[in-house]
Amino acid sequence: MKIEFVYFDLGNVIVSFDPKIAVNNVATRFGVDAAMAEQAIYISGLQDRFEHGHVTGEEYARIVRDALAVSDAQMPTTALLDAISDMFTPIESMRNTVAQVDESGTRYGLLSNTCHAHWDWIARQTWQVSSLAWPVRVLSCEVSSMKPDGGIYQAAEELAGVSPASILFLDDKHENVAAAIDRGWNAVQCFGGEQAEAALKQYGVIS
């Protein structure tokens with residue numbers, strides 16, 4: 001079946017990222033222990049809750065401050081959210097790749113496990129990929145479901161408005177690709193750049 005809609009993942013497809021950088025940012029910018037910062041943000045499950053949309057940015061910051069025993073003045077919410085988000089690097093060739101999909105007439109969108117802090121930080125950058133306009137956007141923090149759970153795929157299907165068999169999804173994680181295939185989607189595990197371009201050519205979306 002002809003591909004009528006392409007979903008791109010954000011992390012490692014449009015931008016690469018390293019959570020270790022986020023932890024180091026928090027430790028160095030606020031003078032706290034890195035291991036404690038990692039515990040507060042990631043090991044505790046807080047980042048997962050943030051990406052599910054179960055806590056707001058202010059609630060997230062308060063929980064981190066309480067865990068690290070620092071004050072609002074020592075760790076302002078905006079500064080903390082920027083520190084955890086300043087871990088991304090653009091995959092700039094994807095600007096042209098997405099443009100080719102647009103020029104082909106194939107509809108497309110973004111399907112990502114992310115929080116508003118990360119999304120907003122990336123949007124503020126001067127990168128080429130930051131200027132991409134996504135006609136359809138499915139963020140885990142906005143639909144309260146994260147890949148590979150079914151809820152986020154259902155939301156994506158409804159917004160795409162096409163048969164699952166005519167959707168192509170590019171994601172870097174095997175489990176997310178497998179969940180999409182189980183729903184009848186076409187999906188390829190790949191990273192942004194040459195791998196993503198090859199997948200789109202394989203499915204006849206771009207030439």
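Residues numbered from 1 in each chain as written. Predicted model: local features only at pLDDT ≥ 70, side-chain atom pairs only at ≥ 80, totals over all residues. Heavy atoms only, no water.

A.B. asks: What exactly am I supposed to notice about unusual backbone geometry here?
C.D. replies: One can expect most non-glycine residues to show negative phi and most peptide bonds to be in trans. In this structure, the amide linkage connecting Lys147 to the following residue, Pro148, adopts the cis form with an omega of 10 degrees. For Pro148, the location among the structural elements is in the loop between helix H8 (140-143) and helix H9 (150-160). Although it is not a glycine, Asn12 sits at a positive phi angle of roughly 70 degrees. When you line up the elements, Asn12 lands in the loop between strand E1 (5-8) and strand E2 (15-17). Looking at Asn12, the relative accessible area reads 15%, which means it is buried. Phi is positive for Ser144, close to 55 degrees, though the residue is something other than glycine. With respect to the helices and strands, Ser144 occurs in the loop between H8 and H9. Here Ser144 falls in the partly exposed class, since its relative accessible area comes to 42%. (Helix = DSSP H or I, 4+ residues; strand = E, 2+ residues; numbered from the N terminus. Buried < 20%, exposed > 50% of the residue type's maximum accessible area, 1.4 Å probe, protein only.)

A.B. asks: So what exactly am I meant to see when it comes to the sheet that holds strand E6 (residues 167-171) here?
C.D. replies: Two modes of strand pairing occur in sheets, parallel and antiparallel, and in both the strands are linked by backbone hydrogen bonds. Read from one edge to the other, the open sheet built from five strands follows the order E5-E4-E1-E6-E7, with strand pairing classed as parallel. Whereas interior strands pair on both sides, the edge strands pair on one side only; in this sheet they are strand E5 (136-139) and strand E7 (186-189). Averaged over all pairs of adjacent strands, the angle between their axes in this sheet comes to 20 degrees, without regard to strand direction. When E1 meets strand E4 (residues 107-112), the two strands line up parallel, connected through four bridges. The residue bridging Val6 from the neighbouring strand is Tyr108, located in E4. (Pairing = 2+ DSSP bridges. Axes fitted to C-alpha atoms, helices over the stretch in contact; angles between N-to-C directions.)

A.B. asks: Honestly, the pairing of E4 in this entry has me stumped. Any pointers?
C.D. replies: Buried residues dominate E4, accounting for five of its six residues. Where E4 lies against E5, four bridges are found, and the strand directions are parallel. Along E5, the bridge assignment pairs Gly109 with Val136. Crossover E4 to E5 through helix H7 (residues 116-124) is right-handed. (Right-handed = clockwise from strand over helix to strand, strands pointing away.)

A.B. asks: Can you walk me through the pattern of salt bridges in this structure?
C.D. replies: When charged atoms on two side chains of opposite charge get close, those side chains can pair. This structure, assessed with the given rule, holds 10 salt bridges. Between Asp66 and Arg62 there is a salt bridge, with its nearest N and O atoms 3.8 Å apart. Highlighted residues: Asp66 and Arg62, both in helix H4 (residues 57-68), separated by four residues, approximately one helical turn. Here Asp66 falls in the exposed class, since its relative accessible area comes to 54%. Residue classification places Arg62 among the partly exposed residues on the basis of a relative accessible area of 43%. Each of Asp9, Lys147 and Asp171 takes part in salt bridges that share partners, so that together they form one network. (Salt bridge = Lys/Arg side-chain N within 4 Å of Asp/Glu carboxyl O.)

A.B. asks: Help me understand the packing of aromatic side chains, please; the structure alone is not making it clear to me.
C.D. replies: The description of two aromatic rings rests on the distance between their centres and on the angle between their planes. Under the definition given, this model contains 11 aromatic pairs. Here the aromatic rings of Phe88 and Trp121 are separated by 6.4 Å at their centres, their planes lie at 35 degrees, and the arrangement is tilted. With Phe88 in strand E3 (residues 88-90) and Trp121 in helix H7, the pair connects residues that are 33 residues apart, well separated along the chain. Centroid distance Tyr153 to Phe169: 6.3 Å. Interplanar angle 85 degrees. Geometry classified as edge-to-face. Separated by 16 residues along the polypeptide, Tyr153 in helix H9 and Phe169 in strand E6 bring together distant segments of the chain. For the pair formed by Tyr153 and Phe169, the shared burial category is buried. An aromatic cluster of three or more residues is present, and its members are Phe5, Tyr7, Tyr153, Phe169 and Trp185. (Phe/Tyr/Trp six-rings, centres within 6.5 Å; stacked < 30°, edge-to-face > 60°.)

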